[in-house]
Amino acid sequence: SNALYVLAFLSAMVVVSEWMSKKRWGKHFGTALIVIILTAVAANLSLIPSASNSIPLYDGIFRYVAPIALFYLLLGVNLSDLKKAGLPMLVIFSIGALGTTVGVLIGIKVVDGAKTIGDSYNVIAGMFAGTYTGGSINFNAVALHYRVMEDGRLYAGTVVVDNIITTIWMVLCIVLPKIFNKVRRQISIRPSTQPLPPTNHGPGSASLNAKTIALLIGLGLGSLWLSNLIADYFEAFNITIPSILIITTIALLLAQVPYFRNINGSQLLGLYGVYLFLAVIGAYCELTTLVELQTLGITLLVFTSITVLVHGLMTFGLGALFYRDWELISIASQANIGGSTSAMALAESFGRMELILPAILIGSLGNAIGTYIGFLVAGIL
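Residues numbered from 1 in each chain as written. Predicted model: local features only at pLDDT ≥ 70, side-chain atom pairs only at ≥ 80, totals over all residues. Heavy atoms only, no water.

Section: the overall build of the chain
Okay, step 1: Within the chain, the regular secondary structure consists of 17 helices and zero strands.
Okay, step 2: For the chain, with 381 residues in total, the buried portion stands at 55%.
Okay, step 3: A fraction of 82% describes how many contacts in the chain between residues 6 or more apart in sequence connect residues 24 or more apart.
Okay, step 4: Per element, the accessible surface of the chain, about 16,700 Å² overall, is 67% carbon and sulfur. (Helix = DSSP H or I, 4+ residues; strand = E, 2+ residues; numbered from the N terminus. Buried < 20%, exposed > 50% of the residue type's maximum accessible area, 1.4 Å probe, protein only. Contact = heavy atoms within 4.5 Å. Areas by Shrake-Rupley, 256 points an atom, 1.4 Å probe, with all protein chains shown as cover.)

Laid out in structure tokens, this is it:
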């Protein structure tokens, strides 16, 4: 549980994943998928902490490393990219949100929630409707309102199952575009005037120096501090503005200035932060705790699996009728199931830099509407 050991271990997993992804067989998986699988295996072998014995380091990666990685990646984004990719992403995201709602209603019916889960079955359905629309913020908002935390076993079961299904779906979102592309080649929605930048783009990105590193770290930390400060200021007036949106705005404003857009190494640091985030996602896939929950765990797993299956069928099925861009559909789906940070990480793993900003924006939209959908589902049931 030592933070230094765990961080060193996670970094080693990133190194190994990068090395494996360069092998002939590893190219079919990619670094993002490999790092999730490796850390999931390590967590279930108790080599690193998992969800049930999570350490402050994991929370720090979610709260600090992930948004700063987002900041670095956005420094290379041109706002003109949003015009072409924004509307398609919004359409697919909306289909995905509908798919989640339908999936929850079907899933809770199949497992006979009132009997197998208990009186709180409608609340559990609302929690998953919220979290699989826009991320875990909605999950906890519904849980807090209905005081699900007071039933420790039930709440623990929902958290474990949510982590497992989210991780599995993240893996599938990486793999499915490759499979579908072999069946029917995708038509990528990309800006017609700007070429896709490579992951380590930027003049002289290979020749970093102390000044550049200090500048990037200072910009990242300063922007995160400022975004949290602004968010707290508005919160004092009962106006909720997610800090992720504020740091996104700061990054985009800086990105329109050539000096900041061309800082060496921003994409490399952002990529490392994304891989650390994905490593923690893998570590949260805790199978041993699911077994300990016994019947309740299996019931919740079946329910959530049906929910995500229906979501996936509707998202990829109906989505393909409008836009045959499998990667875009995967990213929009991940914005539903995992939230904006997961969607951003997926866009980066695909090398779809033009989809990073739309992914963040629809993920934030999911945070905004997911709680309402969660309460609506709980009320209907």
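Once you've had a look at it, read on.
Some points on a nonpolar patch on the surface
Okay, step 1: On the surface, a nonpolar cluster with roughly 450 Å² of combined accessible area is contributed by Y5, I37, V41, L45 and L47.
Okay, step 2: Along the chain, L47 falls in the loop between α2 (31-44) and α3 (56-74). (Patch = residues over 30% accessible without salt bridge, like charges linked within 9 Å, V, L, I, M, F, W, Y side chains within 5 Å. Salt bridge = Lys/Arg side-chain N within 4 Å of Asp/Glu carboxyl O.)

Examining the nonpolar core
A general trend in soluble globular proteins is that nonpolar side chains are found buried together.
Okay, step 1: The biggest cluster of nonpolar side chains holds 106 residues, and the ones touching the most others in it are L10, Y58, F71, I124, M127, L278 and I331.
Okay, step 2: Top element by residues in this core is α3. It accounts for 11 residues.
Okay, step 3: Apart from residues lying up to four places away in sequence, L10 is in contact with T39, I48, Y58, I61, L276, A279 and V280. (Core = buried A, V, L, I, M, F, W, Y, C linked by side-chain atoms within 4.5 Å.)

Some words on the side chain of S223
Okay, step 1: As for its placement among the helices and strands, S223 is situated in helix α9 (residues 210-235).
Okay, step 2: Residue S223 is classed as buried on the basis of its relative accessible area, which comes to 6%.

A few points about unusual backbone geometry
Okay, step 1: Even without being glycine, S46 reaches a positive phi, approximately 65°.
Okay, step 2: Turning to its location among the elements, S46 is positioned in the loop between α2 and α3.
Okay, step 3: Given a relative accessible area of 64%, S46 falls into the exposed group.
Okay, step 4: Phi angles above zero are rare outside glycine, and N238 is one such case at about 60°.
Okay, step 5: Relative to the assigned elements, N238 resides in the loop between α9 and α10 (243-255).

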